[in-house]
Amino acid sequence: MSAVINNLPVLLAGFGTSLALILVSAAIALLLGVALAGMRVSPVPLLQTAATCYVECLRTVPTAVIFFFALFGLPQMGVRIGFFPAAVAALSVYYAAFFCEAVRSGINSVPTGQAEAARSIGLEFRGALRFVVLPQALRSVIPPLLNVFVALTKSSAIASAFGVAELLASTTALVTIESDAVIPILLACSAFYLVITIPAGLLAERLEKKVAVAR
Amino acid sequence: MTTTPARPATPATTRPAPVTSSVLFDSPGPRGRRRIRNGAVAAGTVLALIIASALFQLGRNGVLDAERWAVLLNRDLARLLLHGLWSTLQVALVAMVLSVAGALLLVAARLSDRSPLRGAAKIWIELFRGLPLLVLIFMIFLGAPAIGIDVPTFWALVIGITLYNSAVICEIFRAGIQSLPKGQAEAAYAIGLRKIETQRVVLLPQAINAMLPALVAQVVIILKETSLGFVIGYTELLREGRVAVEYLGSTYAIPVYVAVAALYLLVNLAISRMARRLEGRLTH
């Protein structure tokens, strides 16, 4: 226990880097994902196909492979960036596909009758989307978005293997120094992750129930 | 002799039509079609420009040279990658079987009549679902030796994946069971089945249909998760790719990683396709 308390600054610094990594990647991934979802529901077939290909290809490949591309592939293309930006690039490119699917499933979760009703009272595409479909879709899209955020948080630990000094990297570094306090340090590291993931997961669950009742 | 034509049977696998595809707007007229065509041209140009600039960048750095990609035809590289794929599949298979077994135990506890057991299961699930898989793998890999147990990398990986996925799959099982009409369980109790028999004979077989898509998605996820083995030095597909790149030199990074990604893609797409076929058969 004392090993954990003595090394708390190290763990906290790692946690800070993790938080920065998670938040920056989540913001970029969310923007990309919304754009992709827009492409997938747009009436332009080419955009649909392009977005579908992106999502299908990215989702079936492990996160770590994307990290390898970002870290060892980009320099081959003449793009030289540091470890942290590379990790942000990998996480946001990868999780954009998942955010896209969360947004799309939210749009698809609105019953067809709602759109039909909107059309039948004379609303056009834009009006139907704005006044009927999107307000309902947005509500039901938040829980899946939160779940993707939790997944991104957990995946951010992979960055530890690619030179980013985030929480898990600090932990494994500490473990090699404090070899007689391996388990307390690992537990402390777990606690830091749980502080993010459990509240977000519970919030998603609660919102999901609320949305389910509303309809 | 029916006069109304029978409605075409919709295949069970089709999802409800996405609202935005047809219902939201009329089928476009001449002006709409023109607009869509213009949009397609504009979008195509932008996409083509992006792809072209990426290709140009790659070509300028010599990544597109045929000589670099010819390395993929090398028999030793193919053997290395296939060996990696085999190790990946081994971990995935063992972890999947153990995860489902663990999930069955967990779901039994989660839906138990005894509230302490229920609470304990709930806490267990929340804990292990909320932790990064890599942390769990390190817990086994670094934590077990600390208390005097030596765990080979294969088992560290398998146990880590199992701890995580049994919690996730338990929730899939629970959602599947709870999606069934209440009358099913009540009817089973009414004919005198005990709780465990009700679960085993009545509820689980029906729930399988509802949860099959999520279960298969989980198989794909497990397969992807095995790639974390490279961190602790288990020689699965990704690590073999890394070994190959270290041996061949970093100029071959892109061809080799593209091959690795393609292998994951192929296996996972094959699993998804198989699942869709199976699902179609089960729901009929």
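Residues numbered from 1 in each chain as written. Chains lettered and ligands numbered in written order. Predicted model: local features only at pLDDT ≥ 70, side-chain atom pairs only at ≥ 80, totals over all residues. Heavy atoms only, no water.

Visitor: Give me the lowdown on the UniProt feature "transmembrane region" (unreviewed entry) in chain A, citing residues and values where you can.
Guide: All names here are of chain A. In the numbering used here, UniProt assigns the "transmembrane region" (unreviewed entry) feature to residues 12-36, 57-75, 81-100, 145-169 and 181-204. With 100% helix and 0% strand, residues 12-36 has its two end C-alpha atoms placed 35 Å apart. Within residues 57-75, the helical portion is 84% and the strand portion 0%, while the C-alpha atoms at the span's ends are 22 Å from each other. (UniProt positions renumbered as here; feature names shortened; annotations may be inferred. Helix = DSSP H or I, 4+ residues; strand = E, 2+ residues; numbered from the N terminus.)

Visitor: Explain a nonpolar patch on the surface to me, using residue names and the numbers behind them.
Guide: Together, Val 46, Ile 50, Ile 51, Leu 55 and Leu 64 of chain B make up a nonpolar patch on the protein surface, roughly 450 Å² of accessible area in all. Among the structural elements, Ile 50 of chain B can be located in helix H2 (residues 30-60). (Patch = residues over 30% accessible without salt bridge, like charges linked within 9 Å, V, L, I, M, F, W, Y side chains within 5 Å. Areas by Shrake-Rupley, 256 points an atom, 1.4 Å probe, with all protein chains shown as cover. Salt bridge = Lys/Arg side-chain N within 4 Å of Asp/Glu carboxyl O.)

Visitor: Describe the packing of aromatic side chains, with residues and values.
Guide: This structure, assessed with the given rule, holds 15 aromatic pairs over all chains. Ring geometry for Tyr 94 of chain A against Phe 98 of chain A: centres 5.2 Å apart, planes inclined by 55°, an arrangement best described as tilted. Residue Tyr 94 of chain A and its partner Phe 98 of chain A are located together in helix H5 (residues 83-108), separated by four residues, close to a single helical turn. The exposure class assigned to Tyr 94 of chain A is buried, which follows from its relative accessible area of 2%. Residue class for Phe 98 of chain A comes out partly exposed when judged on its relative accessible area of 22%. Ring plane angle 85° and centroid distance 5.2 Å describe the contact between Phe 154 of chain B and Trp 155 of chain B, whose orientation is recorded as edge-to-face. (Phe/Tyr/Trp six-rings, centres within 6.5 Å; stacked < 30°, edge-to-face > 60°. Buried < 20%, exposed > 50% of the residue type's maximum accessible area, 1.4 Å probe, protein only.)

Visitor: How would you explain the pattern of salt bridges if you had to name every residue and give the values?
Guide: Proximity of charged atoms lets side chains of opposite charge pair with each other. Overall, the coordinates contain eleven salt bridges over all chains when judged by the stated rule. A salt bridge links Lys 122 of chain B to Glu 126 of chain B, with the shortest nitrogen-to-oxygen separation between them at 3.6 Å. Placement of both Lys 122 of chain B and Glu 126 of chain B in helix H5 (residues 115-130) is noted, with a separation of four residues, approximately one turn of the helix. Each of the salt bridges in this network shares a partner with another, and the network as a whole consists of Glu 205 of chain A together with Lys 122, Glu 126 and Arg 129 of chain B.

Visitor: Report on the nonpolar core, specifying residues and quantitative values.
Guide: Formed by 140 residues in total, the largest nonpolar core has its most connected members in Phe 67, Tyr 95, Leu 168 and Tyr 193 of chain A together with Leu 238 and Val 260 of chain B. Those residues in contact with Tyr 193 of chain A that lie beyond four places of it in its chain are Ser 18, Thr 153, Ser 156, Ala 157, Glu 166, Leu 167 and Leu 168 of chain A together with Leu 131, Pro 132 and Val 135 of chain B. Counting five residues, the second-largest nonpolar core is a separate cluster that includes Leu 74 and Met 77 of chain A together with Leu 58 and Ile 254 of chain B. (Core = buried A, V, L, I, M, F, W, Y, C linked by side-chain atoms within 4.5 Å. Contact = heavy atoms within 4.5 Å.)

Visitor: Could you give me a rundown of the interface of chain B and chain A, with the residues and numbers involved?
Guide: When the parts of a complex come together, some accessible area is lost, and that lost area is often used as the size of the interface. At the interface, 56 residues of chain B touch 58 residues of chain A. Summing the contributions of chain B and of chain A, the shared interface buries around 4700 Å²; its carbon and sulfur component is 77%. Between chain B and chain A we count one salt bridge in total. The shortest N-O distance in the salt bridge between Glu 205 of chain A and Lys 122 of chain B comes to 3.8 Å. (Buried area = accessible area lost by both parts, 1.4 Å probe.)

Visitor: Any chance you could break down a positive patch on the surface for me, citing the residues and the numbers?
Guide: On the surface, a cluster of positive charge is contributed by Arg 126 of chain A together with Arg 31, Arg 33, Arg 34, Arg 35 and Arg 37 of chain B. In terms of residues, the positive patch owes the most to one element, H2 of chain B, which gives five residues. Tracing the chain through its elements places Arg 31 of chain B in helix H2. (Lys, Arg positive; Asp, Glu negative; His and termini not counted. Charge placed at Lys NZ, Arg CZ, Asp CG, Glu CD.)

Visitor: Give a description of the UniProt feature "domain: ABC transmembrane type-1" (unreviewed entry) in chain A that names residues and reports values.
Guide: Per the UniProt annotation, the sites labelled "domain: ABC transmembrane type-1" (unreviewed entry) are residues 15-204 of chain A. As a span, residues 15-204 of chain A carries 82% helix and 0% strand, and end to end its C-alpha atoms are 23 Å apart.

Visitor: Give a description of the side chain of Glu 101 of chain A that names residues and reports values.
Guide: Residue and element names in this part refer to chain A. With respect to the secondary-structure elements, Glu 101 resides in helix H5. For Glu 101, the side chain forms a polar contact with the side chain of Arg 40, separated by 2.8 Å. For Glu 101, the residues in contact, after removing those within four places along its chain, are Arg 40, Val 55 and Arg 59. (Polar contact = N/O pair within 3.5 Å; in protein donor to acceptor, adjacent residues only side chain to side chain.)

Visitor: Any chance you could break down the UniProt feature "domain: ABC transmembrane type-1" (unreviewed entry) in chain B for me, citing the residues and the numbers?
Guide: Following the UniProt record, one finds the feature "domain: ABC transmembrane type-1" (unreviewed entry) at residues 85-275 of chain B. Secondary structure content for residues 85-275 of chain B is 84% helix and 0% strand, and the end C-alpha separation is 20 Å.

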